[in-house]
Amino acid sequence: MSFTVDFYEESRKNVRKTVILVMVFLVMMIAFGLIIDLVFGILPIFTLVFLAIASIQTLVSLTSGKEIVLRSVKARELKANDPEERQLKNIVDELSIAAGMGKPPEVYVIDDDSVINAFATGRKQEDSVICVTSGLLKNLDREETSGVIGHELSHIVNRDILLMTLISALLGAVVIVQLLAFRALITYLRFGAIGAATRSRRSSKKNDNSALAIIAFLAAVAGLGALFSFIGRLSLLAVSRTREYFADARAVELTRNPSGLANALRKIVTSSAKLQTANVATAHLFISDPLKRGINNRTSFFASLWSTHPPIAMRISILENKTLTEIEAELSDYI
C-alpha cells in the first residue's frame with residue numbers, strides 16, 4: 001500500500017464522529033422545525049415534532065439498525081451444512097482472530113448467484129454481522145474471499161458500521177419528513193385546494209387565502225426537507241468513500257495479500273448484475289455499489305460528490321501500486 005494508517009486512531013475518530021453526527025443531526029432537525037414555526041407563527045409545534053422524530057429515529061437505529069438492514073436485503077443465516085458457506089465461516093473465524101476480535105461476527109447470506117458483493121453492519125463488534133451474496137461464494141476463490149472478508153472486518157473493528165448505520169437511519173428521518181410533506185402537498189393540491197376554491201366562490205376570499213397558506217406551508221416543509229436531505233446525503237457519501245480506502249488498507253494488513261482483494265474487486269467490477277434487494281439507503285454499506293451506477297467508477301469532481309464508493313480502478317491501483325491509467329485501460333470494457 002502507498003499509505004499508512006493508524007487504525008486505532010481511526011476507530012477513536014469514528015466514535016467521536018458518531019457523537020458529533022448525532023448532535024449535528026438533532027440541531028439540524030430543531031433548526032428545520034424552528035424555521036417552519038417562525039415563518040408560520042406556530043412555535044413550537046414543528047420544532048417539537050421534528051425533535052421527537054430525530055430522537056426516535058436515533059434510538060431505533062442504535063437498537064434495531066442491524067435487523068432492519070438485514071430484512072431489507074432479504075438476508076438469511078448461514079447454513080452450516082453447506083460446504084461453501086462453511087468455508088466462508090472458517091475464513092471469518094480465522095480473520096477475526098487475526099483482527100483481535102473476541103467474538104467473530106455472525107454470517108448471513110443473500111441468495112443471488114448473479115451478484116458478487118458483501119457488507120457489514122451492526123452497532124458494535126459484539127453484535128456485528130457480515131453478509132455476502134451467494135454469487136460471491138460461487139465466483140471468488142479463498143484468497144479473494146479472504147480479501148473481501150478482511151475489508152468487512154475492518155469496517156467492524158474501525159467502528160465504521162456504527163457510523164454508517166447511524167447515518168443511514170438519521171438521514172432516513174429527514175427523507176421521511178420530506179416525502180410526507182410532498183405527498184400531503186400533492187394530495188391537497190388535487191383535492192383540498194379544489195374544494196377550498198369552490199367554497200371561496202360561494203363565500204369570501206378568506207377561504208382562498210387559507211388554501212394558499214396551507215399550500216405555502218406544505219411547500220416550505222417539502223422544500224426544506226429536500227435541502228436538508230441534500231446536505232445530509234453529501235456528508236454521508238463523503239464519509240462512505242473515505243471509509244472504503246481505510247478498510248482496503250486494513251484488509252491487506254489482516255490478510256498480508258493485497259492481490260486477493262484486488263482480484264476480488266476485478267471480478268466485482270466486471271460483473272454487471274445489480275442486487276435487486278439493495279436500495280439507495282443501504283448501497284453505501286456494500287464493498288461496491290450494488291446498484292451498479294456508473295457514477296461510482298468516474299473520477300470527475302461531480303462524480304466525487306455523488307458517488308457512494310471510490311472508483312474501483314483507483315482502489316486496485318493503490319492495492320497493486322500501479323498507475324490509475326494502467327488499471328483503467330485494463331478495465332475499460334467495464335467502467
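Preceding block: the structure.
Below is a short write-up of the structure. (Residues numbered from 1 in each chain as written. Predicted model: local features only at pLDDT ≥ 70, side-chain atom pairs only at ≥ 80, totals over all residues. Heavy atoms only, no water.)

Right, let's get into the overall build of the chain. When its secondary structure is counted, the chain shows eleven helices and four strands. Looking at the chain residue by residue over its 335 residues, the buried ones come to 48%. Relative to all contacts within the chain whose residues are 6 or more apart in sequence, the contacts with residues 24 or more apart total 70%. Entry remark: accessible area of the chain is about 15900 Å², with carbon and sulfur atoms responsible for 61%. (Helix = DSSP H or I, 4+ residues; strand = E, 2+ residues; numbered from the N terminus. Buried < 20%, exposed > 50% of the residue type's maximum accessible area, 1.4 Å probe, protein only. Contact = heavy atoms within 4.5 Å. Areas by Shrake-Rupley, 256 points an atom, 1.4 Å probe, with all protein chains shown as cover.)

Once rolled over the atoms, a probe with the size of a water molecule shows which space is left empty. Tallying each qualifying case throughout the model produces one cavity of 30 Å³ or more. One number sums up the size of the largest cavity: a volume of about 70 Å³. Around the largest cavity sit A120, H155, D160, I161, M164, S240, R243, E244, H284 and L285, which together line it. For the lining of the largest cavity, the elements supplying multiple residues, two or more each, are helix 6 (160–202) and helix 7 (206–255). A per-class count over the lining of the largest cavity returns four nonpolar, three polar and three charged. (1 Å grid on protein atoms, 1.4 Å probe; cavity = no way out; pocket = protein on both sides within 12 Å on 5 of 7 lines; lining within 4 Å. Points joined across faces, edges and corners; volume = space filled by probe spheres on them. Nonpolar A, V, L, I, M, F, W, Y, C, P; charged D, E, K, R; others polar.)

Another point: the pattern of salt bridges. A full pass over the atoms with the stated rule returns 15 salt bridges. We note a salt bridge from R142 to E94, for which the minimum N-O separation is 2.9 Å. One end of the pair, R142, is in helix 5 (residues 142–157); the other, E94, is in helix 3 (residues 83–98), with 48 residues separating them in the sequence. In this structure, R293 engages D289 in a salt bridge whose closest nitrogen and oxygen atoms are separated by 3.1 Å. Overall, R293 belongs to the partly exposed group, its relative accessible area being 23%. According to the relative accessible area criterion, D289 is buried, its value standing at 3%. One continuous salt-bridge network, built from bridges that share partners, spans R266, E320, K322 and E330. (Salt bridge = Lys/Arg side-chain N within 4 Å of Asp/Glu carboxyl O.)

Bringing unusual backbone geometry into the picture now. The omega angle of the peptide bond from L43 to P44 is 5°, so this bond is cis rather than trans. Of note, the phi angle at R159 is positive, near 65°, even though the residue is not glycine. In this structure, K292 is a non-glycine residue whose phi angle is positive, near 55°. With respect to the helices and strands, the residue K292 is situated in the loop between helix 8 (258–270) and helix 9 (301–306). Under the relative-accessibility criterion, K292 is labelled partly exposed at 27%.

This part covers the side chain of R315. Following the sequence through the fold, R315 ends up in helix 10 (residues 312–320). Leave out the neighbours within four places in its chain, and R315 touches H151, E244, Y245, D248, L265, I287, H309 and P310.

Turning to the pairing of strand 2 (residues 106–110), a few remarks are in order. Burial runs high along strand 2: four of the five residues are buried. Relative to strand 4 (residues 129–133), strand 2 is paired through five bridges, and the arrangement is parallel. Residue pairing across strands places V107 opposite I130, the latter belonging to strand 4. (Pairing = 2+ DSSP bridges.)

To continue, consider the sheet that holds strand 4. Sheets are built from strands that pair by backbone hydrogen bonding, the pairs being arranged parallel or antiparallel. With mixed pairing, four strands are arranged side by side in an open sheet as 1-2-4-3. Two strands in the sheet have a free side with no partner beyond their single neighbour: strand 1 (76–77) and strand 3 (118–121). Sheet strands touched by helix 3: strand 1, strand 2 and strand 4. Its angle to strand 2, the strand with the most contacts, is close to 140°. Packing against the sheet, helix 5 makes contact with strand 3 and strand 4, and its axis sits at approximately 150° to strand 4. (Axes fitted to C-alpha atoms, helices over the stretch in contact; angles between N-to-C directions.)

With that settled, the discussion passes to a nonpolar patch on the surface. Together, L34, L38 and L43 give the surface a local cluster of nonpolar side chains, amounting to about 280 Å² of exposed area. Tracing the sequence through the fold places L38 in helix 1 (residues 7–40). Using a relative accessible area of 58% as the deciding quantity, one classes L38 as exposed. (Patch = residues over 30% accessible without salt bridge, like charges linked within 9 Å, V, L, I, M, F, W, Y side chains within 5 Å.)

A few words on the environment of E94. A relative accessible area of 45% means that E94 is categorised as partly exposed. Sequence separation between E94 and S146 is 52 residues; the distance between their C-alpha atoms is 9.5 Å.

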